[in-house]
Amino acid sequence: MSLMWVSVTECSQSHIYHLTQMIKEDEDLRIILSSGTPYMDERGDGGLMYKDMERVLSMLGIPSHLKGYRYLKTAVDLCIQSMEELDGVTKRLYPDIARTHQTSAETVEHAIRHAIEAAWQRGDERTQKMLFGYSHAEGRRPTNSEFITRLTDYFRDRNGKYLS
């Protein structure tokens, strides 16, 4: 699947026509339309803000009202800042997320697992295959660690670019 960010304020009618032709030719193409520029974080290191994570989590089928949705955004953000967070998910990452959200590490683990289960039941199969190499149709579901690692890798590999 290809993902493209497009600022509609910078699009002419001919650009929009070409975008529609691209969509017709490539069924795996996803285009994100925005009225502004890509969201970059305040750190200035090219990291993506939560808006971009929200788009991907939504494409994966995670309902935004779940606590696990918020915890996953925090997890990916922490891991983008320091990949060492993934060295000890239960001993380091979950407690860091719990401190941020003023809850327990066990609650974080359970909520993330629940969000992944929900995504795997209702998410887009093509997006799942693109990010994980398999989908719910194959009877497998990623572990919490695998899910967080794959999302982190996806955002780190993009280097702030909106075309993959």
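Residues numbered from 1 in each chain as written. Predicted model: local features only at pLDDT ≥ 70, side-chain atom pairs only at ≥ 80, totals over all residues. Heavy atoms only, no water.

### A short note on the overall build of the protein
Now for step 1: For the protein, the count of helices and strands is seven helices and two strands.
Now for step 2: Helices (α) and strands (β) of the protein occur, in sequence order from the N terminus, as β-α-β-α-α-α-α-α-α.
Now for step 3: Counting every position in the protein, which comprises 164 residues, the buried fraction comes to 43%.
Now for step 4: Counted over contacts in the protein with a minimum sequence separation of 6, partners at least 24 positions apart contribute 62%.
Now for step 5: On the protein, roughly 9,000 Å² of surface is accessible, and the fraction owed to carbon and sulfur atoms is 49%. (Helix = DSSP H or I, 4+ residues; strand = E, 2+ residues; numbered from the N terminus. Buried < 20%, exposed > 50% of the residue type's maximum accessible area, 1.4 Å probe, protein only. Contact = heavy atoms within 4.5 Å. Areas by Shrake-Rupley, 256 points an atom, 1.4 Å probe, with all protein chains shown as cover.)

### Some words on the packing of aromatic side chains
Now for step 1: A complete count under the given rule lists four aromatic pairs for this structure.
Now for step 2: Centre to centre, the rings of Phe 132 and Phe 147 are 5.1 Å apart; their planes meet at 20 degrees, and the pair counts as stacked. Here Phe 132, found in helix α6 (residues 125-132), pairs with Phe 147, found in helix α7 (residues 144-158); they are 15 residues apart in sequence, far enough to count as distant. In terms of burial, Phe 132 and Phe 147 fall into one category: buried.
Now for step 3: Taken together, Trp 120, Phe 132, Tyr 134 and Phe 147 form an aromatic cluster joined through their ring pairs.
Now for step 4: Positioned above the aromatic ring of Tyr 134, the side-chain terminus of Arg 140 is 3.8 Å from the ring centre. (Phe/Tyr/Trp six-rings, centres within 6.5 Å; stacked < 30°, edge-to-face > 60°. Lys NZ or Arg CZ within 6 Å of the ring centre and 35° of its normal.)

### A few points about the packing of helix α3 (residues 67-81) against helix α5 (residues 105-122)
Now for step 1: Axis separation between α3 and α5 bottoms out at 8 Å; the angle between their running directions is 105 degrees. Relative to α5, the element α3 lies roughly perpendicular. In this structure, α3 contributes Lys 67, Gly 68, Tyr 69, Tyr 71 and Leu 72 to the contact, and α5 contributes Thr 107, Val 108, Ala 111, Ile 112 and Ala 115.
Now for step 2: In terms of residue class, the contact of α3 with α5 is built from seven nonpolar, two polar and one charged. (Axes fitted to C-alpha atoms, helices over the stretch in contact; angles between N-to-C directions. Parallel < 35°, antiparallel > 145°, perpendicular 65-115°, else oblique. Nonpolar A, V, L, I, M, F, W, Y, C, P; charged D, E, K, R; others polar.)

### As for the confidence of the model for the protein
Should pLDDT be low for a region, the predicted coordinates there are not to be read in detail.
Now for step 1: Counting all residues, the mean pLDDT for the protein is 79, and 76% of those residues have values of 70 or more.
Now for step 2: Ranking the elements of the protein by mean pLDDT puts strand β1 (residues 2-7) last with 64 and α5 first with 94.
Now for step 3: For residues 36-48, every residue scores under 50 in pLDDT, and the model assigns this stretch 29 contacts once sequence neighbours within four places are set aside. (pLDDT = per-residue confidence, 0-100.)

### Concerning α3
Now for step 1: Taking 1.5 Å per residue, 15 residues should reach 21 Å; α3 reaches 22 Å between its end C-alpha atoms and fits that length.
Now for step 2: Burial runs high along α3: 12 of the 15 residues are buried.
Now for step 3: For α3, the full list of buried residues reads Gly 68, Tyr 69, Tyr 71, Leu 72, Lys 73, Thr 74, Ala 75, Val 76, Asp 77, Leu 78, Cys 79 and Ile 80. (Expected span 1.5 Å × (residues − 1).)

### Observations regarding α6
Now for step 1: Residues of α6 that are buried: Thr 127, Gln 128, Leu 131 and Phe 132. Along the axis of α6, the buried residues cluster in a sector spanning 100 degrees; they form a single face.
Now for step 2: Taken from the residues just after α6, Gly 133 is the one with a positive phi, measuring 85 degrees. (Arc of directions from axis to C-beta.)

### Regarding the pattern of salt bridges
Now for step 1: Under the counting rule described, the total for this entry stands at eight salt bridges.
Now for step 2: Its salt-bridge partner being Lys 73, residue Glu 54 comes within 2.8 Å of it at the nearest N-O pair. One end of the pair, Glu 54, is in helix α2 (residues 50-60); the other, Lys 73, is in helix α3, with 19 residues separating them in the sequence.
Now for step 3: Measuring nitrogen to oxygen at the nearest pair gives 3.0 Å for the salt bridge that ties Arg 113 to Glu 109. Of the two residues, Arg 113 and Glu 109 both sit in helix α5, four residues apart, roughly one turn of that helix.
Now for step 4: Residues joined in a network through salt bridges with shared partners are Glu 84, Glu 85 and Arg 92. (Salt bridge = Lys/Arg side-chain N within 4 Å of Asp/Glu carboxyl O.)

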